[in-house]
Amino acid sequence: MGRKGLDYEDLNENVKKVQYAVRGELYLRASELQKEGKRIIFTNVGNPHALGQKPLTFPRQVVALCQAPFLLDDPNVGLIFPADAIARAKHYLAMAPGGLGAYSDSRGIPGVRKEVAEFIQRRDGYPSDPELIYLTDGASKGVMQMLNAIIRNDRDGILVPVPQYPLYSAAISLFGGSLVPYYLDEEANWGLDLVNTRQSVAAARSNGITVRAMVIINPGNPTGQCLSEANLREILNFCYQENLVLLADEVYQQNVYQDERPFISARKVLFDMGGPISREVQLISFHTVSKGYWGECGQRGGYFEMTNIPPKTVDEIYKVASIALSPNVPGQIFMGLMMNPPKPGDISYLKFATESKSILDSLRRRAQIMTDGFNSCRNVVCNFTEGAMYSFPQIRLPQRAMDTARSAGKEPDVFYCLKLLEATGISTVPGSGFGQKEGVFHLRTTILPAEEDMPAIMSSFKKFNDSFMEQYQDYSKL
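Residues numbered from 1 in each chain as written. Predicted model: local features only at pLDDT ≥ 70, side-chain atom pairs only at ≥ 80, totals over all residues. Heavy atoms only, no water.

## Regarding the pattern of salt bridges
Rule in force here: Each reported salt bridge corresponds to a side-chain nitrogen of Lys or Arg within 4 Å of a carboxyl oxygen of Asp or Glu. By definition, any uninterrupted DSSP run of H or I lasting at least four residues is a helix, any uninterrupted run of E lasting at least two residues is a strand, and each is numbered from the N terminus. Under the scheme applied here, a residue whose accessible area is under 20% of the maximum for its type counts as buried, over 50% as exposed, and between as partly exposed, the area being computed with a 1.4 Å probe on protein chains only.
Applying the stated criterion to the full structure yields 26 salt bridges. With a shortest N-O distance of 3.4 Å, K462 and D466 are connected by a salt bridge. Taken together, the residues span about one helical turn, with K462 and D466 both in helix 18 (residues 454–472) at a distance of four residues. You can call D466 partly exposed: its relative accessible area is 24%. Connected through salt bridges with shared partners, the residues D105, R107, R113 and E131 form a single ionic network.

## Overview of the sheet that holds strand 14 (residues 443–446)
What counts here: Two strands make a pair as long as DSSP finds a minimum of two bridges between them.
The strand order 10-14-13 describes an open sheet built from three strands, whose pairing is antiparallel. The strands lining the two open edges of the sheet, one partner per strand, are strand 10 (390–391) and strand 13 (429–430). The pairing of strand 10 with strand 14 spans two bridges and is classified as antiparallel. Across the sheet, the residue bridging to S391 is T445, located in strand 14.

## Observations regarding unusual backbone geometry
Following V162, the chain continues into P163 via a peptide bond in cis, with omega recorded as 5°. Relative to the assigned elements, P163 resides in the loop between strand 3 (156–162) and helix 8 (167–174). Residues N218 and P219 are joined by a peptide bond in cis, for which omega reads -10°. Tracing the backbone shows P219 in the loop between strand 5 (210–217) and helix 10 (229–242). Look at W190: it is not a glycine, yet its phi comes out positive at around 60°. One non-glycine residue, N308, adopts positive backbone phi at about 60°. You can see N308 is positioned in the loop between strand 8 (302–307) and helix 13 (311–323).

## Some points on the sheet that holds strand 5
In plain terms, the rule: Each axis is a line fitted through C-alpha atoms, taken for helices only over the stretch in contact, and angles between the N-to-C directions span 0 to 180 degrees. Contact definition: two residues touch when any of their heavy atoms are within 4.5 Å.
Strand order in the open sheet formed by seven strands is 2-8-7-6-5-3-4, with mixed pairing between adjacent strands. The open sheet has two free edges, formed respectively by strand 2 (133–136) and strand 4 (178–183), since each of these has just one partner strand. When strand polarity is set aside, the average angle formed by the axes of neighbouring strands in this sheet is 20°. Those strands touched by helix 13 are strand 2 and strand 8, and its axis lies near 20° from that of strand 2. Of the strands in this sheet, strand 2, strand 7 (283–288) and strand 8 are in contact with helix 14 (residues 329–339), which crosses strand 7 at around 100°.

Shape descriptors only; they carry no functional weight alone.
What follows is the structure, given as structure tokens:
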């Protein structure tokens, strides 16, 4: 009998090219060790609730009532749920006549999209059109949908920051495109170097690649930097000059841990610039309920907003969205609640504000604890995590460690991270999974472990690292 359609040899080659380090070799080994009884600290993925963050009370109350609307008919419902949660549940159920178990519009519930548009207008100071906002199963689905629309063949290139979140490299491979890297400058706190970016575009074009879009991640993943307004103006001018679509991954916009560079959206800066550029640059902006102080990763709520996209293109994007019939409805409700949280004067406001501030204040402290902890270690240097949920320290590996790793068939940073995992139970992601300059090595860890556990985790890391460096130190060079 001949080979079958799903035999490995006959799979789509693009599927085989996909790599996603966040759930790669390190994660699989960590899962094996966990099954064997070892305590594992999964810092490989930005998954706040899995690391002990408690859900915000108000959104869970509202969604609980939406999931079980018969509770609204119980005469004692007001003894368990606050009146504003009850009112908000009725508000969303009125928007979804079939309840949470029925398909919605393929773009998402119109009333929730209106709440997203109102949030965007409050944030940016410019009106937003709900018809150009699509709700998605997390931001990742929106990113993949847009990349699928942009990439036509392997000669189409997407400019992606390096280090980058591997969703982008994986999706570009899956859709058969070409990743065009532009390197962030670690010495300048992971700043953007447009000279380098122009060189990357020129090199790609000389190889026959049509560069069609540019990705920015602000605040950065895995690097944690926040783009200034001046940075964003440079980027938008660059996209205007080079005729590039700008894909603005802004999912960490609530996660900012310093005051010098608050989050500012690419959309606001674009409209502030005025003139032809504000009408010409094609911009797609992404957001999610998975990050911020909500951390509702498992709910899979997200959106993308289209700016300056031609109506016929919007129609095609709608057509593709309709293939999946509907984004998940509970996730849409969470997105509506994130965009339209309790306000001053509401019964639940004080509790919501207190919970939110507690989470963000703790994340700010944890960012500092982790940065200081890494910088206290031998041969480790780490920029401060200005935003997002990650630290990305550089590990200066001795030559003997690199040689030992390669003789074992491993990348040096993979070798280091595996040794770290085996010794401490700390599950990280090697920097090679995000891209890095040749001969430079990093790892990514979240700042999400519980604050009270942070000193012990950093002490465990330091003990391992200093022992590792001592073991592999090349004394012939001393």
